[in-house]
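Residue-level listing of the chains:
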Amino acid sequence: MVDLVVIGAGPAGMAGALAAAECGLEVVVVDEQAAAGGQIFRRTPESFGGSRATRPYRWAPDLIARFDAHPNIRVLYRSTAFGIMRDREGSAVRLNVGVSAATGGELIPAKRILIATGSYDLPVAFPGWTKPGVMTVGAAQTLLKSQKVLAGRRVILAGSHPLLLIAADQLLQAGAEITEIAFARGLPRASEMGAALSAAPGHFEIFAEAGRAAARVVSRGVKVTTRTIVTAATGGAAVTGARLTQVDPAWHRVGPEREVSGDLLLLGYGFSPATDLARQAGCEMRWNSRLGGWTVVTDERFASTAADIFVAGEPTGVAGAEQSRAEGRIAGLHIAESLGSSASDHPRLLRRAHRALSSSGRFSAVVQAMFEPNREALGHLSDPEGTTVCRCELVDSGSLDTALRANPFISTANAAKLECRSGMGPCQGRYCEGTVATRVAAARGIAVADAGYFTAHVPVKPVPLSTYRMLGSTSD
Ligand SMILES: Cc1cc2nc3c(=O)[nH]c(=O)nc-3n(C[C@H](O)[C@H](O)[C@H](O)COP(=O)(O)OP(=O)(O)OC[C@H]3O[C@@H](n4cnc5c(N)ncnc54)[C@H](O)[C@@H]3O)c2cc1C
């Protein structure tokens, strides 16, 4: 049995694994990617030069190098953690992480587990969103960062998150043409700018990097509109453009629609914490829209409510790479302590990590408040009859509404899932949970949070059937 299995090798997972390993723990890290770094520090394959951008985070090269080199850390890359299972022998409970890789499956027994699975782009359903050529901005950025692939030539970006500007800059540098960047929100107000500036000390490089990206985009003459929302992707088999319309501060449509052309439509409304494994493992969840929606409840050590399972980074709330790193470090130190392996300067290391956490927390709170998506308004984008809501099970908004009218007892997203199958496909609801919850909430006149979340089951991500052969006598 290993001391600790860490799921995710982003800033949170790397920092957690390293802190625990430096205290003497034997650590196994599982990540779907081919190298450490997570979403933000992706690396191209060696055949493409093996390059990796770590700006503006000065600490990143050192963290990655120490993580890669530590003898107590064994990393399973290109491997998916698909479930957390418990073996019971009398009153004793043993945790196992189910891992699937191209070479087969493995059950890894662990004394402690650290879930550091990051986040993913918030999906939004509207007419035409399933056409080839409609992607999230993070997906296009991933293709560019990891494979140097430009997903289209004439790009429309729409949403509300500042990542749109950063990605636009990267796309322009890679040779794309940008036809429009449409922000659903207005320009930042003076009070928001004031709050941002007051949180800036210690984060100037992040500000400067974002500012430089925005300046480059503007200097290229790219059309940037505010209070503008995308209502449809147009075209036949593939995207040829998007319909956009003016919205008021509450994101209600106030103007006629207009069409803009492009062969790639990228959406960026923010991120959803990747909480499927934590949900499946029985961790308590809490709704916080600013932090990305459903987040995992932890104490100040980043221990979840499930015994011996810690959670760090974006599953506890989307807050950026600095905060993920600080959370991972605090979790790793406490995990080591819980197994009796504290470092000699443990209190000092913890104090330092907590200082980093509160500094990054001040900064991320400003970003979270400024760029919270208007979930109700986004839910209404799927109102037009026939709009696909669940792309795996092909459930549209009309059939969902019919089921809600026919069965007045459906008042949660999970009940709607059982009735309509929305959320039962291979993505396990990652794409449709938000839309289903907002439609249920609108139909019942309740808050989105009260519509709840989809339960998660093993496997939380698709794995080959052969993976199951190794599950043996695990009782869960
Ligand atoms: C698509 C995308 C693009 C982004 N672009 C930017 C940007 O340009 N600039 C910026 O400042 N911030 C960006 N962010 C935010 C930034 O990536 C995060 O703030 C930061 O990476 C969070 O660190 P983390 O360790 O919590 O999670 P991550 O860095 O996301 O790391 C999580 C890791 O867990 C792995 N993982 C997840 N589930 C499993 C599983 N079941 N089994 C195995 N491995 C698993 C993933 O492969 C990933 O490597 C982006 C986020 C996303 C989702």
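So, how was this worked out
- Residues numbered from 1 in each chain as written.
- Predicted model: local features only at pLDDT ≥ 70, side-chain atom pairs only at ≥ 80, totals over all residues.
- Heavy atoms only, no water.
- UniProt positions renumbered as here; feature names shortened; annotations may be inferred.
- Helix = DSSP H or I, 4+ residues; strand = E, 2+ residues; numbered from the N terminus.
- 1 Å grid on protein atoms, 1.4 Å probe; cavity = no way out; pocket = protein on both sides within 12 Å on 5 of 7 lines; lining within 4 Å.
- Points joined across faces, edges and corners; volume = space filled by probe spheres on them.
- Nonpolar A, V, L, I, M, F, W, Y, C, P; charged D, E, K, R; others polar.
- Near = heavy atom within 4 Å.
- Polar contact = N/O pair within 3.5 Å; in protein donor to acceptor, adjacent residues only side chain to side chain.
- Areas by Shrake-Rupley, 256 points an atom, 1.4 Å probe, with all protein chains shown as cover.
- Pairing = 2+ DSSP bridges.
- Axes fitted to C-alpha atoms, helices over the stretch in contact; angles between N-to-C directions.
- Parallel < 35°, antiparallel > 145°, perpendicular 65-115°, else oblique.
- Left-handed = near helix turned anticlockwise from the far one by under 90°.
- Contact = heavy atoms within 4.5 Å.

For the protein, an unreviewed UniProt entry supplies the name FAD-dependent oxidoreductase and the organism Leucobacter rhizosphaerae.

Colleague: Describe the UniProt feature "domain: FAD/NAD(P)-binding" (unreviewed entry) in the protein, listing the residues and the values that go with them.
Modeller: In the numbering used here, UniProt assigns the feature "domain: FAD/NAD(P)-binding" (unreviewed entry) to residues 3–316. Here residues 3–316 is 24% helix and 36% strand, with 23 Å between the C-alpha atoms at its ends.

Colleague: Outline empty space enclosed by the protein, listing residues and values.
Modeller: If you roll a probe as big as a water molecule over the atoms, it shows you where there is empty space left. For the structure shown, the criterion picks out 1 cavity of 30 Å³ or more. Here the largest cavity defines a volume of roughly 470 Å³. What lines the largest cavity is a set of 35 residues, among which Tyr120, Ser272, Arg430, Glu433 and Gly434 lie closest to the centre. Where the lining of the largest cavity is concerned, the elements lending two or more residues are β16 (271–273), α7 (276–280), β18 (293–296), α10 (375–380) and α13 (433–444). It is α13 that provides the largest number of residues to the lining of the largest cavity, a total of 5 residues. Residues of the lining of the largest cavity, tallied by class, amount to 17 nonpolar, 13 polar and 5 charged.

Colleague: Describe the site of the ligand, with residues and values.
Modeller: Every one of the 34 residues lining the ligand counts as a neighbour, but Ala12, Asp31, Ala81, Gln141 and Ser324 are closest to it. Within the backbone of alanine 12, one N or O atom sits 2.9 Å away from an oxygen atom of the ligand. Between an oxygen atom of the ligand and a side-chain N or O atom of serine 324, the distance comes to 2.8 Å. Coverage of the ligand by the protein amounts to 92% of the 970 Å² it exposes when considered alone. Those elements that provide at least two residues to the shell around the ligand are α1 (11–22), β4 (79–89), β7 (119–121), α3 (137–147) and α8 (321–338). Partitioning the shell around the ligand into residue classes produces 14 nonpolar, 15 polar and 5 charged.

Colleague: Lay out the sheet that holds strand β14 (residues 253–261) with the relevant residues and their values.
Modeller: If you trace the 3 strands from one edge of the open sheet to the other, you get β12-β13-β14, paired in antiparallel fashion. Because the sheet does not close on itself, it has two edges, and the strands there are β12 (228–235) and β14. If you compare each strand with its neighbour and ignore which way they point, the axes differ by 25 degrees on average. Judged from the 6 bridges that link them, strand β13 (residues 239–247) and β14 form a sheet pairing that is antiparallel. Residue pairing across strands places glycine 241 opposite serine 261, the latter belonging to β14.

Colleague: Go over the packing of α1 against α8 with me, naming the residues and quoting the values.
Modeller: With their axes 7 Å apart at the nearest point, α1 and α8 run at an angle of 30 degrees to one another. By the angle class used here, α1 and α8 are roughly parallel. The handedness of the crossing between α1 and α8 comes out as right-handed. Across the interface between the two elements, Pro11, Ala12, Ala15, Gly16, Ala19, Ala20 and Glu22 of α1 pack against Ala321, Ser324, Arg325, Gly328, Arg329, Gly332, Leu333 and Ala336 of α8.

Colleague: Please set out the pairing of strand β17 (residues 285–288) residue by residue, giving values where relevant.
Modeller: The sheet contact formed by β17 and β18 spans 4 bridges and is antiparallel. Residue pairing in the sheet places asparagine 288 in a bridge with glycine 293 of β18. Once β17 ends, the chain turns through 4 residues before running back antiparallel as β18, passing glycine 292 with a positive phi of about 115 degrees.

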